[in-house]
Amino acid sequence: MLWDIFCKVIDNHGDIGVCWRLSVQLAARGHAVRLWVDDDSALAWMAPGGDAGVQVLPWDAQGQPPVPGDAVIEAFGCHLDERFQAAIARTTHQGRPPAWINLEYLTAESFATRSHGLASPVLAGPATGLVKRFFYPGFQGGTGGLLREPDLAIRMAAFDRGAWLRTQGIAVQDEQLVSLFCYEPQALGELLLHFAAAPRRTRLLVTQGRARAAVQVATARLDATRPGWNDPSALAIDFLPLLTQPEFDHLLWACDLNFVRGEDSLVRALWAGKPLVWHIYPQHDDAHRAKLAAFLDWLEAPASLREFHEAWNGMGAASLGAPGSGAWTECLLRARQRLLAQDDLVTQLQRFATGANPS
């Protein structure tokens, strides 16, 4: 099949990250993919080698739109411009309707199960009268599942933690490794103080971008207000370079505790099977509160993990508490087993695209 995937970048790690993983996994199964994106700059470091099966094209390409592929995906509610909508309408009227799919955001909220697969009639524009269909990724049965490569478990089993750390110039002794990929959590300073006072040494591996800037601000504030806060050097902080998607996966596999943000890194941390803390993207209408609560309910999170998430996301408890207990590990491993029992997103999407009739 030929797939057209449309992506408008809001968070250059998230939207394009999900769309690139989806594109590459479709190509790995023999499909051809055209990825239409309004800002492909993140791919320069996220996927510097590209992929032979994926053609990256500018969203606003000039000239006559191409004939739509067998499936057209609008990622995360982005809307096609009228030129491509007209091309879909022409193809449909010629008797070759593509599957027109609205790939939605990931959530554990109950409406994802209720809405998955529903029709969405087009009410205006050149494609009036045609029908899109909703495809909801999800954690539960009855949704579209999560992105997962067929060989993921094999690659994880063969992963050499020590060798990978050496390639990153990280010399680990008797210490716990913690990855940090976040926005600007108010509780970051408290987390740093906890690690600095913990009996076991911690090495914090900080990703580039907003996480690095947030840590620099937090440490500068601690240096000014609490001199000597890390005098025993119980906390070591390493700032990582920009990582490709495979290398980011390796980071999650190598660490004992992962702080992640957004959608793509949450899914990858779930597959890693290590304790995780999710910094959910804050929304102006506070919709993220219900989204986080639904995820923690699905996760069957113990009280300590739930309270830590609420504090980390600025929603509840005043104190973070101690991160990474054994109960967190058991919870995540059980959750991963539930997910592994489901078909992955690409498998389900292939069935959905060949079975859905958008006309």
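Residues numbered from 1 in each chain as written. Predicted model: local features only at pLDDT ≥ 70, side-chain atom pairs only at ≥ 80, totals over all residues. Heavy atoms only, no water.

Engineer: Please set out the overall build of the protein residue by residue, giving values where relevant.
Structural biologist: A tally of helices and strands in the protein yields 14 helices and 12 strands. Computed over the C-alpha atoms, the radius of gyration of the protein is 22 Å, within 12% of the 21 Å expected from 2.2 N^0.38 for a compact globule of 359 residues. Over its C-alpha atoms, taken along the principal directions, the protein stretches across nearly 75 × 40 × 40 Å. In the protein, which comprises 359 residues, the share counted as buried stands at 55%. Pairs at least 24 residues apart make up 71% of the contacts formed inside the protein by residues separated by at least 6 positions. In the protein, 31 side chains carry a positive charge and 38 a negative one; their mean positions are 2 Å apart. (Helix = DSSP H or I, 4+ residues; strand = E, 2+ residues; numbered from the N terminus. Rg over C-alpha atoms; globule rule 2.2 N^0.38 Å. Buried < 20%, exposed > 50% of the residue type's maximum accessible area, 1.4 Å probe, protein only. Contact = heavy atoms within 4.5 Å. Lys, Arg positive; Asp, Glu negative; His and termini not counted. Charge placed at Lys NZ, Arg CZ, Asp CG, Glu CD.)

Engineer: How would you sum up the pairing of strand β5 (residues 99–103)? Please name residues and give values.
Structural biologist: Across the five residues that make up β5, a large majority, five, are buried. Burial of β5 is two-sided: the residues Ala 99, Ile 101 and Leu 103 facing one way and the residues Trp 100 and Asn 102 facing the other way are all buried. Two elements, strand β4 (residues 71–75) and β5, share five bridges in a ladder whose sense is parallel. If you follow Glu 74 over to β5, its bridge partner there is Asn 102. Since β4 and β5 lie parallel, the crossover through helix α3 (residues 82–93) that links them has a hand, and here it is right-handed. Note that β5 and strand β7 (residues 131–135) share three bridges and pair parallel. What sits directly across from Asn 102, in β7, is Phe 134. (Pairing = 2+ DSSP bridges. Right-handed = clockwise from strand over helix to strand, strands pointing away.)

Engineer: An account of the nonpolar core is needed here, citing residue identities and associated values.
Structural biologist: Phe 139, Leu 270, Leu 299 and Trp 312 are the most contacted members of the largest nonpolar core, which has 68 residues in total. Beyond its immediate stretch of four places on either side in the chain, Leu 299 contacts Leu 270, Leu 305, Cys 331, Leu 332, Ala 335 and Arg 338. Residues Ile 16, Ala 47, Ala 71 and Phe 76 belong to the second largest nonpolar core, which totals 34 residues. (Core = buried A, V, L, I, M, F, W, Y, C linked by side-chain atoms within 4.5 Å.)

Engineer: How would you sum up the pairing of β7? Please name residues and give values.
Structural biologist: With four of its five residues buried, β7 lies for the most part within the structure. Direction of pairing for strand β6 (residues 119–121) relative to β7: antiparallel, over a ladder of three bridges. For Ala 119, the partnering residue across the bridge sits in β7 and is Arg 133.

Engineer: Before we move on, can you summarise the sheet that holds strand β11 (residues 257–261) with the specific residues and values?
Structural biologist: Remark on secondary structure: sheet strands pair via backbone hydrogen bonds, oriented parallel or antiparallel. Taken in spatial order, the five strands of this open sheet run β10-β9-β8-β11-β12, and their pairing is parallel. Every interior strand has two partners, whereas the edge strands, β10 (235–239) and β12 (276–279), have only one. The sheet shows a mean angle of 15° between the axes of neighbouring strands, direction not considered. In this sheet, strand β9 (residues 202–206) lies alongside strand β8 (residues 176–180) in parallel orientation, the contact comprising five bridges. Bridge assignment links Gln 176 to a residue of β9, and that residue is Thr 202. (Axes fitted to C-alpha atoms, helices over the stretch in contact; angles between N-to-C directions.)

Engineer: Mind laying out a negative patch on the surface, listing which residues take part and the relevant values?
Structural biologist: Where like charges cluster on the molecular surface, the negative patch consists of Asp 38, Asp 39, Asp 40 and Asp 60. On the secondary structure map, Asp 38 appears in the loop between β2 (32–37) and α2 (43–46). (Patch = residues over 30% accessible without salt bridge, like charges linked within 9 Å, V, L, I, M, F, W, Y side chains within 5 Å. Areas by Shrake-Rupley, 256 points an atom, 1.4 Å probe, with all protein chains shown as cover. Salt bridge = Lys/Arg side-chain N within 4 Å of Asp/Glu carboxyl O.)

Engineer: Could you give me a rundown of the sheet that holds strand β3 (residues 54–58), with the residues and numbers involved?
Structural biologist: The seven strands lie next to each other as β3-β2-β1-β4-β5-β7-β6, forming an open sheet whose pairing is mixed. The open sheet has two edge strands with one neighbour each: β3 and β6. Averaged over neighbouring strand pairs, the angle between their axes works out to 25° when direction is ignored. Packing against the sheet, helix α14 (residues 345–355) makes contact with β1 (2–7), β4, β5 and β7, and its axis sits at approximately 160° to β7.

Engineer: Go over the pattern of salt bridges, please, and point to the residues and values.
Structural biologist: A complete count under the given rule lists 19 salt bridges for this structure. Residue Arg 203 is joined to Asp 238 by a salt bridge in which the shortest nitrogen-to-oxygen separation is 3.0 Å. Here Asp 238 lies in strand β10 and Arg 203 lies in strand β9, a separation of 35 residues in the sequence. For Arg 203, a relative accessible area of 11% puts it in the buried group.

Engineer: Describe the packing of aromatic side chains, with residues and values.
Structural biologist: This model, assessed by the stated rule, comprises 19 aromatic pairs. Where Phe 6 meets Trp 36, the ring centres are 5.5 Å apart and the plane angle is 5°; that geometry is what we call stacked. Pair noted here: Phe 6 is in strand β1 and Trp 36 is in strand β2, with a separation of 30 residues, a long-range link. Through a chain of ring-to-ring contacts, the aromatic side chains of Phe 6, Trp 36, Trp 59 and Phe 84 assemble into a single cluster. Across from the ring centre of Phe 239, 4.6 Å away, lies the NZ or CZ of Arg 212, which sits over that ring. One residue, Arg 338, lies across the ring of Trp 298, its end atom 4.8 Å from the ring centre. (Phe/Tyr/Trp six-rings, centres within 6.5 Å; stacked < 30°, edge-to-face > 60°. Lys NZ or Arg CZ within 6 Å of the ring centre and 35° of its normal.)

Engineer: How would you explain helix α7 (residues 188–197) if you had to name every residue and give the values?
Structural biologist: Buried residues of α7: Leu 188, Gly 189, Leu 191, Leu 192, Phe 195 and Ala 196, and no others. Looking down the long axis of α7, one finds its buried residues gathered within 160° of arc, a one-sided arrangement. On its buried face, α7 is in contact with β8, β9, α8 (210–225), β10, β11 and α12 (303–312). (Arc of directions from axis to C-beta.)

Engineer: Describe the side chain of Asp 4, with residues and values.
Structural biologist: As for its placement among the helices and strands, Asp 4 is situated in strand β1. Ignoring any residue separated from it by four or fewer positions in sequence, one finds Asp 4 in contact with Arg 34, Trp 36, Pro 68, Gly 69, Ala 71, Val 72, Ile 73 and Phe 84.

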